[in-house]
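Secondary and tertiary structure notes
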Amino acid sequence: MIRMKIFAMLLFVIAGSYGCANDTSNDVHKRIIYNAHGLRVITSFSDRKQQTISLLYGNALALQSAKTGIHDKGEVFELVTFKQANNKYWYGSYINGAVQSIELVTSYAADKNAIAFKYKIPQGQVTGNADIRIKGITSHRALLFP
Amino acid sequence: MLGYSLVKKLRSMVSSKKLRLWPIAGILLVGIISIQFIQVPVQNDKVTHPINASEEVAKIFRKACYDCHSNESKFNWYDKVAPVSWLVNHDVKVARSRFNFSTFDTLSATDQQVRLWEMVNMVLAGKMPLNSYTILHPEAKLTPHDVEVLKNYVVSISPTRYHDSSQIKSAEEEQKVLVDKSTASKNIAVAPNGVRFIPDYKNWEVISTTSRFDNHTMRVIYGNKVTVNAIQSGRIKPFPDGAAIVKVVYNIIEEKNGEVYPGAFNNIQIMIKDEKRFPESKGWGFGRFNGKGLKPYGETAAFNTTCYNCHKIADETGYVFSIPLENKDLK
């Protein structure tokens, strides 16, 4: 009888610990910071009707071309579009929410005198053809970061 | 016979206790009377420049805010008796120093807007009117309709100017600065409270970006490693010492089709966490550097308190407004 009781208690403890190990309640309180893998911000913009907020990141070459308007091979642009959310701690402010899409544009030398671009959508869905998207993404001017 | 002696004994006990209590009661009474002279009750000064708002809005302010935030405070008899009067005195003095509806129109239009948005956000966060006040003054509580009226009011005083040509021109002018780096200052700007500008923020991670319709600006918000680790591990109440946040603020160009683009650079705002240096603001030191010249904001270190007073709204998130949303709030 005592053995039965000990076994039942043991089962209860194991079941409890398994439940805790798989407890996802903590995940709902987690806050995700977008990992740009070392790329720097070129600019940010939003669309109140589409309810999106975007951050355009780039490598050093992309940042330079966004200042001068002159492109070179090796540029990397990453446009991250987030869903726009209400900032629950400040009425009057929208903040970036979940990632809606990620677009990647890279430049390469098509020949000695011409720079061409490749376009990818690593995450989400985007409307508009690749050429229009490339033109839009690479034509943003860099913000001033004092 | 036994009953009679017991009653007699009890009577004598009560009367002897009464005798002992009289001096204590007397001392207390003298004490209460004496403390009435320690502090003069709050006075109502003249109403010189009252807030200029519609009757519907003013009525809400009068019922919920005026007893503390105006020169038209109405006191009950117990508000005038020390020590209650001391608490009332303190609360009213602090409230009037933050903003006073009786002199509100002396503030610039921008300052009025800032304070009004802060008021609405204080209300939405449940911080105002104070619970300690509404317990005794239940009529001061705001209804959902009152809150909607106030929200609509602040939006109405901050109208959007679509395709603002002056903003577009400023943004174009700024592009010249981006290419010509000769204007960059080598001196590190320092705020009056000792908070220094941090040029290295550009190498930090972006924790969020915001687009605001209250003051028509947008922000790119950076956090150092300590901040990023604290947010990711959920250790934000409180943020650890060494946390630093930099908000880069730009004007915005708003189009009727909903598109919002950054205009010219406006200012940089910094928060650094140091419990020993800034004990009166929960360890947060604030700095604001205006314009491309990064001119430090504030005449004295006291501006830190003004910043902190507003950030109290975000006590749920360690006094930081714009940290990434929790997973449960992502849609």
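Residues numbered from 1 in each chain as written. Chains lettered and ligands numbered in written order. Predicted model: local features only at pLDDT ≥ 70, side-chain atom pairs only at ≥ 80, totals over all residues.

An unreviewed UniProt entry lists chain B under the name Haem-binding domain-containing protein, from Mucilaginibacter conchicola.

So, about the interface of chain B and chain A. How large an interface is tends to be reported as the accessible area lost when its parts come together. In this assembly, 53 residues from chain B lie in contact with 42 residues from chain A. Of all the secondary-structure elements, those providing two or more residues to the side of chain B that touches chain A are helix 5 (109-124), helix 8 (165-179), strand 1 (205-212), strand 2 (217-223), helix 9 (225-233), strand 3 (244-254) and strand 4 (259-273) of chain B. At 8 residues, the largest contribution of residues to the side of chain B that touches chain A is made by strand 1 of chain B. Pairing of strand 4 (residues 93-111) of chain A with strand 1 of chain B involves 3 bridges; the strand directions are antiparallel. Directly across from S93 of chain A, in strand 1 of chain B, lies its bridge partner R212 of chain B. (Contact = placed C-beta atoms within 7 Å. Helix = DSSP H or I, 4+ residues; strand = E, 2+ residues; numbered from the N terminus. Pairing = 2+ DSSP bridges.)

Turning to the pairing of strand 2 (residues 52-58) of chain A, a few remarks are in order. Residues and elements named next belong to chain A. Counted residue by residue, strand 2 has 7 buried out of 7 residues, so it is predominantly covered. Side chains T52, S54, L56 and G58 of strand 2 all project onto a buried face; the interleaved residues I53, L55 and Y57 project onto the opposite face, where all are buried too. Where strand 1 (residues 40-47) and strand 2 come together, 7 bridges link them in antiparallel fashion. Directly across from F45, in strand 2, lies its bridge partner S54. The hairpin formed by strand 1 and strand 2 contains 4 residues between the paired strands, and Q51 there has a positive phi angle of roughly 60°. In this sheet, strand 3 (residues 76-86) lies alongside strand 2 in antiparallel orientation, the contact comprising 7 bridges. Residue pairing for strand 3: L55 is matched across the bridge by V80. (Buried ≥ 20, exposed ≤ 12 C-beta atoms within 10 Å, placed from the backbone.)

A few words now on helix 5 of chain B. Residue and element names in this part refer to chain B. Over its 16 residues, helix 5 extends 23 Å from the first C-alpha to the last, a length consistent with the 22 Å expected when each residue adds 1.5 Å. The set of residues buried in helix 5 consists of L116, W117, E118, V120, N121 and V123. Elements that come into contact with the buried residues of helix 5 comprise helix 7 (144-156) and helix 10 (303-311). (Expected span 1.5 Å × (residues − 1).)

Another aspect to go through is the packing of helix 2 (residues 55-64) of chain B against helix 7 of chain B. Residues and elements named next belong to chain B. It is the contact of helix 2 with helix 7, at a shortest axis distance of 10 Å, that shows an interaxial angle of 120°. Regarding the angle of helix 2 to helix 7, the classification is oblique. Judged by the twist between their axes, the crossing of helix 2 over helix 7 is left-handed. Residue-level inspection shows E56, V57 and I60 of helix 2 in contact with helix 7, the latter providing D146, V149, L150 and Y153. Broken down by class, the residue content of the contact of helix 2 with helix 7 amounts to 5 nonpolar, no polar and 2 charged. (Axes fitted to C-alpha atoms, helices over the stretch in contact; angles between N-to-C directions. Parallel < 35°, antiparallel > 145°, perpendicular 65-115°, else oblique. Left-handed = near helix turned anticlockwise from the far one by under 90°. Nonpolar A, V, L, I, M, F, W, Y, C, P; charged D, E, K, R; others polar.)

Residue and element names in this part refer to chain B. Partitioning chain B into structural domains gives domain 1 (55-156) and domain 2 (165-329). Distance from the C-alpha centre of domain 1 to the C-alpha centre of domain 2: 28 Å. Counting residues at the interface gives 8 residues for domain 1 and 5 residues for domain 2. When residues in the side of domain 1 that touches domain 2 are grouped by element, the largest group, 4 residues, is from helix 5. When its residues are assigned to classes, the side of domain 1 that touches domain 2 shows 4 nonpolar, 1 polar and 3 charged. (Domains from an automatic or database assignment.)

To continue, consider the environment of Y108 of chain A. Residue and element names in this part refer to chain A. Relative to the helices and strands, Y108 resides in strand 4. Residue class for Y108 comes out exposed when judged on the 12 C-beta atoms lying within 10 Å of it. Placed 10 residues apart in sequence, Y108 and K118 show a C-alpha to C-alpha distance of 7.9 Å. Contacts of Y108, omitting those with residues within four sequence positions, involve K73, A116 and K118.

Right, let's get into the packing of helix 5 of chain B against helix 7 of chain B. All names here are of chain B. Packing of helix 5 against helix 7 brings their axes to within 10 Å, and their N-to-C directions diverge by 150°. When the axes of helix 5 and helix 7 are compared, the pair comes out roughly antiparallel. Pair helix 5 / helix 7 crosses with left-handed handedness. Touching L116, W117, V120, V123 and L124 of helix 5 are V147, L150, K151 and V154, all from helix 7. Across the contact of helix 5 with helix 7, the residue classes break down as 8 nonpolar, no polar and 1 charged.

On to the nonpolar core, then. Soluble globular proteins: nonpolar side chains tend toward being buried together. Membership of the largest hydrophobic core comes to 87 residues, with the highest contact counts inside it found for I42 of chain A together with V246 and M271 of chain B. Residue assignment places this core across two domains, with domain 1 (55-156) and domain 2 (165-329) of chain B each supplying three or more. Sequence-distant contacts of M271 of chain B, defined by excluding residues within four places in its chain, comprise A244, I245, W284, F286 and V320 of chain B. (Core = buried A, V, L, I, M, F, W, Y, C linked by C-beta atoms within 7 Å.)

A word on the confidence of the model for chain B. Detailed reading of predicted coordinates is not advised where the pLDDT is low. Averaged over all residues, the pLDDT of chain B is 89; the fraction at 70 or higher stands at 90%. Taken together, the chains of this predicted complex give a pTM of 0.84 and an interface ipTM of 0.83. (pLDDT = per-residue confidence, 0-100.)

Residue and element names in this part refer to chain B. Judged by how many residues are buried, strand 3 sits mostly within the fold: 10 of 11 residues are covered. Two strands pair when backbone bridges link them, and strand 2 and strand 3 are joined in this way by 7 bridges, in the antiparallel orientation. The residue of strand 3 that forms the bridge with I221 is K247. Pairing analysis gives 10 bridges linking strand 3 to strand 4, with the strands arranged antiparallel. Residue pairing across strands places E254 opposite V260, the latter belonging to strand 4. Counting the residues between successive antiparallel strands, the hairpin from strand 3 to strand 4 contains 4 residues, one of them, G258, with a positive phi of roughly 100°.

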